[in-house]
Structures are given as C-alpha cells and as structure tokens.
Amino acid sequence: MNQDDRLAEAVAALNHGDLDGARKLAEEGAAVHATAPWQHLLGLVHCRRGDAAAGVPHLRAAVRLEPANLGLVVMLARALIDSGRPQDVLAMAKPAGTSPAALALWHSRAEAAAAMGDALAEVDAWTNIASATQTDARA
C-alpha cells in the first residue's frame, strides 16, 4: 500500500471515530513520512482525543513544513486556544487576504484576544473580519 492509500486509510479511521486506529496509523505514517499531511493528521487525532496540548507539536511541525497553508495554521491556532495558550495565537503573524482560512484565523485571533482580555487585539481581529465580510453578525 502506498503513502496516499495509508493516509486515506488513517483519515477514514478518524472520520469513522476509530481514534485508536487513526492514532496508530498516523503515528506509523508520521514516523516514516515526515510530511505536513501526516503531522497534521497526527495532531488532529490528539485533538479529537481531547488532548490538544499533545496535538500542538504535530500541528506546529505541519505548519513548519507548509507555512503558506493557512488551513494548517488555523488548526494550530485552534489547538493552541484549546490547550490554554492563546498568547501563542496572538504571537502568530496576522493573516492576509479574505479567504475562508484567513477569516477563520482572524476568528481564532479574536477568541484568543478575548481569552487574554486584550481588547485592542480583539477589536483589531473583529475589524478585519467586518471589513472582509458583512455576513458575520459578531463582527
């Protein structure tokens, strides 16, 4: 079975709620293939198991391997918030553009700022969301 088939098998296990099977496959895959998809999957498995802190290093590794992939950055930001590290989200670069992933990252920044009580950073995030879309009532 090739790498793509193994990755698809691991994703299917995760999607079907087989967290133990997904974790085993993701750990095996990440050990053999040091790629962003494998690191991302392993991070997601940890997060889905309720241990976002264990997922952070894998999600961080995925972002290091594919820094332009804002979807990966969003997942890292979510895991950082869920593991009680909102300050690390605000330390990340602000997203550019108005893609769905960029807006999701702005949402994460707003949530992180609120968690920290940083009103200026929260206003900055919501201002960016509001200027990009008129459909978010929170903005």
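The structure we're discussing is the one just above.
In this text, all values refer to a predicted model and were calculated from it rather than measured experimentally.

J.: Account for the nonpolar core, with residues named and values stated.
T.: If you look at the biggest cluster of nonpolar residues, it comprises 21 residues, and the most contacted ones within it are Leu76, Leu80, Val89 and Met92. Only α4 (52-65), α5 (70-82), α6 (86-90) and α7 (100-116) provide two or more residues apiece to this core. Top contributing element to this core by residue count: α5, with 8 residues. For methionine 92, the residues in contact, after removing those within four places along its chain, are Val73, Leu76, Ala77, Leu80 and Arg109. In terms of nonpolar packing, the next biggest core, distinct from the first, is built from 12 residues, Ala10, Ala26, Trp38 and Leu42 among them.

J.: Break down the pattern of salt bridges for me, citing the residues and quoting the values.
T.: What the rule picks out here adds up to 10 salt bridges. Across the pair arginine 6 and glutamate 28 runs a salt bridge whose closest N-O atoms are separated by 3.0 Å. Within this pair, whereas arginine 6 is found in helix α1 (residues 3-15), its partner glutamate 28 is found in helix α2 (residues 19-32), the two being separated by 22 residues in sequence. Where arginine 49 meets aspartate 20, a salt bridge forms, and the shortest distance between an N and an O atom there is 2.7 Å. One end of the pair, arginine 49, is in the loop between α3 (36-48) and α4; the other, aspartate 20, is in helix α2, and 29 residues separate them in sequence.

J.: I'd like a description of the environment of threonine 98, backed by residues and values.
T.: Tracing the backbone through its elements, the reader meets threonine 98 in the loop between α6 and α7. Of the residues examined, threonine 98 reaches a relative accessible area of 52% and is grouped as exposed. Sequence-distant contacts of threonine 98, defined by excluding residues within four places in its chain, comprise Leu103 and Ala132.

J.: Account for the environment of alanine 110, with residues named and values stated.
T.: Here alanine 110 shows up in helix α7. Overall, alanine 110 belongs to the buried group, its relative accessible area being 2%. The spatial distance from the C-alpha of alanine 110 to the C-alpha of threonine 35 is 30 Å, given a sequence separation of 75 residues. Residues contacting alanine 110, with those up to four places away along its chain left out, are Glu122, Ala125 and Trp126.

Here is what the cut-offs are and how they apply
- Residues numbered from 1 in each chain as written.
- Predicted model: local features only at pLDDT ≥ 70, side-chain atom pairs only at ≥ 80, totals over all residues.
- Heavy atoms only, no water.
- Core = buried A, V, L, I, M, F, W, Y, C linked by side-chain atoms within 4.5 Å.
- Buried < 20%, exposed > 50% of the residue type's maximum accessible area, 1.4 Å probe, protein only.
- Helix = DSSP H or I, 4+ residues; strand = E, 2+ residues; numbered from the N terminus.
- Contact = heavy atoms within 4.5 Å.
- Salt bridge = Lys/Arg side-chain N within 4 Å of Asp/Glu carboxyl O.

These figures come from the coordinates and say nothing about function on their own.
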